[in-house]
Amino acid sequence: MRFSRRTDWNTESTPLARALAERRGLPVLDLTVSNPTRCGIRYPGDLLQPLASSASLDYDPDPRGQLRAREAIAAYYARRNVALDPARIILTTGTSEAYSFLFRLLCDPGDEILVPAPGYPLFDYLADAESVRLVMTPLVYDHGWQLDLAALESAITPRTRAVILVHPNNPTGHFTSQAESDALFEICRRHGLSLIVDEVFLDYPLEAVDAADADSFLARPAPVPVFVVSGISKILGLPQMKLAWLAVAETTPAAVIEHSTAEAAAEAALDRLEVLADTFLSVGTPVQVALPAWLAHAAAIQGQILARVQGNLAALDAAIAAQPVSLVSRLRTQAGWYAILRIPVLRPDEETALLLLRRGLLIHPGSFFSMPSSGWLVVSLLTPPDEFAAGVGLLLSAIAEQAQ
Ligand SMILES: Cc1ncc(COP(=O)(O)O)c(C=O)c1O
């Protein structure tokens, strides 16, 4: 049998995954927790009730998704003071599906998309599956993270079709500021690029940030097509329900010369996306029926997750401040569920992670998020607080021992 080149993947598990499997049930303090359904978040008791609605017995497919579900998403944005026409929303089964629709919309095989690094390793397989080439562009850290716009622009080639932004980024927790997005819009306009903005962590700020910098891109009219993706796996802590969306942002007001072109492009994009969505009709009816009731629980679920990540961040800072010798520090983060730690550069971080696992601590090396190979670990702030405190304690003492 011959396989396609696009699926020519190395499917061997990583040394860390193998070492974890070999522990077979030995206790592990897990600082990589990313599944909100497995970390003690209490979901409202009646959460599943809307799934039993008899409305779900009727199959009335709409390629963009049921209007009531899209109106509920528009209402979610209205609570953030963002006006979004439900006609500009397309439902998908996850943000991954939203990305794959957008890659198919924008790229022919071999075309390129720019992706900021560090970042969550979400796009590699998605891009391969659509025969799209990802090109990393660096985020730089200097008292806080920022886009290296000069590096980004110099990575653009005639095959570049779009720029992905994760806002706020995972794991750096960096919000794209208004000034950065203005500069980026201008670069995209000059080179005819679209912007794909992933806002799954938008509701989880960790630091006071200027409201305009923490705004959705749906509130930042641009002279180029901007596609915002989000979903309930993070907004409601419900990844198992498989419901996400992409929204086509409004373009800049009519006074701007490019408006008509950009708006025409956005409308043509919506028509094509509708055909893509119609080809799969992948989102189940019951979750669409349930979405309006679920979004009404957003504050209760987000409140718990936010309290968890903020509490763990404070505990992490206290433990770092209490080190007898300051070996581990934390990078600034503005939002999200992760924190990046700077550790002494003694060996590759993957080796450090293996050594820590032998002592019963699971942690991501920075390289998992495309960071340099030595000096960085990433911790999940979603971990239950007792496990988090014990894990951080073990981490700091192990690093101190290794540095001796
Ligand atoms: C930035 C980012 N976007 C999207 C996702 C996945 O979202 P979904 O479950 O909707 O596919 C993740 C998962 O951690 C993520 O980090």
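Residues numbered from 1 in each chain as written. Predicted model: local features only at pLDDT ≥ 70, side-chain atom pairs only at ≥ 80, totals over all residues.

Account for the sheet that holds strand S7 (residues 194–198), with residues named and values stated.
Strand order in the open sheet formed by eight strands is S2-S9-S8-S7-S6-S3-S4-S5, and the pairing between neighbours is mixed. Unpaired on one side and paired on the other, strand S2 (89–92) and strand S5 (145–147) mark the two borders of the sheet. The mean inter-strand angle of the sheet, taken between neighbouring strand axes irrespective of direction, is 25 degrees. Sheet topology places strand S6 (residues 160–166) next to S7; five bridges connect them, and they run parallel. Looking at S7, one finds that Leu165 is bridged to Val197. Seen against the sheet, helix H2 (residues 67–78) touches S2 and strand S9 (244–248) and runs at an angle of roughly 110 degrees to S2. Running at roughly 40 degrees to S9, helix H3 (residues 95–106) makes contact with S2, S6, S7, strand S8 (226–231) and S9 of the sheet. (Pairing = 2+ DSSP bridges. Helix = DSSP H or I, 4+ residues; strand = E, 2+ residues; numbered from the N terminus. Axes fitted to C-alpha atoms, helices over the stretch in contact; angles between N-to-C directions. Contact = placed C-beta atoms within 7 Å.)

Could you give me a rundown of the pairing of S2, with the residues and numbers involved?
In S2, alternate side chains face the same way, and those of Ile89 and Leu91 on one face and Ile90 and Thr92 on the other are all buried. Of the strand pairs in this sheet, S2 and S9 are connected by four bridges, and their pairing is antiparallel. Counterpart to Ile89 in the pairing with S9 is Ala247. (Buried ≥ 20, exposed ≤ 12 C-beta atoms within 10 Å, placed from the backbone.)

I'd like a rundown of the nonpolar core, residues and numbers included.
In this structure, Leu102, Val163, Ile164, Leu195, Val228 and Leu246 are the most contacted members of the largest nonpolar core, which totals 110 residues. The greatest single-element share of this core, amounting to seven residues, is contributed by H3. Composition of this core by domain shows at least three residues from each of domain 1 (14–42 + 299–403) and domain 2 (58–296). (Core = buried A, V, L, I, M, F, W, Y, C linked by C-beta atoms within 7 Å. Domains from an automatic or database assignment.)

I'd love a proper account of H3, names of residues and values included.
Along an α-helix, residues three or four positions apart point the same way, because every turn accommodates 3.6 residues. Given a rise of 1.5 Å per residue, 12 residues ought to cover 16 Å, and the 16 Å separating the end C-alpha atoms of H3 matches this to within 8%. Counted residue by residue, H3 has nine buried out of 12 residues, so it is predominantly covered. (Expected span 1.5 Å × (residues − 1).)

Explain the sheet that holds strand S13 (residues 364–365) to me, and be specific about the residues and the numbers.
Here four strands make up an open sheet; going across it, the order is S10-S11-S14-S13 and the pairing antiparallel. Strands with a single pairing partner mark the edges of an open sheet, and in this sheet they are strand S10 (329–330) and S13. Here strand S11 (residues 338–342) pairs with strand S14 (residues 376–380) via five bridges, running antiparallel. The residue of S14 that forms the bridge with Ile340 is Val378.

An account of the packing of helix H10 (residues 298–321) against helix H12 (residues 385–403) is requested, with residue identities and associated values reported.
Helix packing for two helices is described by the angle between their axes and how far apart those axes are. Where H10 meets H12, the closest approach of the two axes is 10 Å, and the angle between their N-to-C directions is 25 degrees. The angle between H10 and H12 places the two elements in the roughly parallel class. Relative to H12, the crossing made by H10 is right-handed. Across the interface between the two elements, Gly311, Asn312, Ala315, Leu316 and Ala319 of H10 pack against Pro385, Phe388, Ala389, Val392, Gly393 and Leu396 of H12. Classifying every residue of the contact of H10 with H12 gives eight nonpolar, three polar and no charged. (Parallel < 35°, antiparallel > 145°, perpendicular 65-115°, else oblique. Left-handed = near helix turned anticlockwise from the far one by under 90°. Nonpolar A, V, L, I, M, F, W, Y, C, P; charged D, E, K, R; others polar.)

Please set out the domain arrangement of the chain residue by residue, giving values where relevant.
If you check the domain split of the chain, you get domain 1 (14–42 + 299–403) and domain 2 (58–296). Computed from C-alpha atoms alone, the centre-to-centre distance between domain 1 and domain 2 is 28 Å. At the junction of the two partners, domain 1 supplies 25 residues and domain 2 supplies 26 residues. Listing elements by their share of the side of domain 1 that touches domain 2, those giving two or more residues are H10 and S11. Broken down by element, the residue count for the side of domain 1 that touches domain 2 peaks at seven residues, all from H10. Residue composition of the side of domain 1 that touches domain 2, by class: 16 nonpolar, eight polar and one charged.

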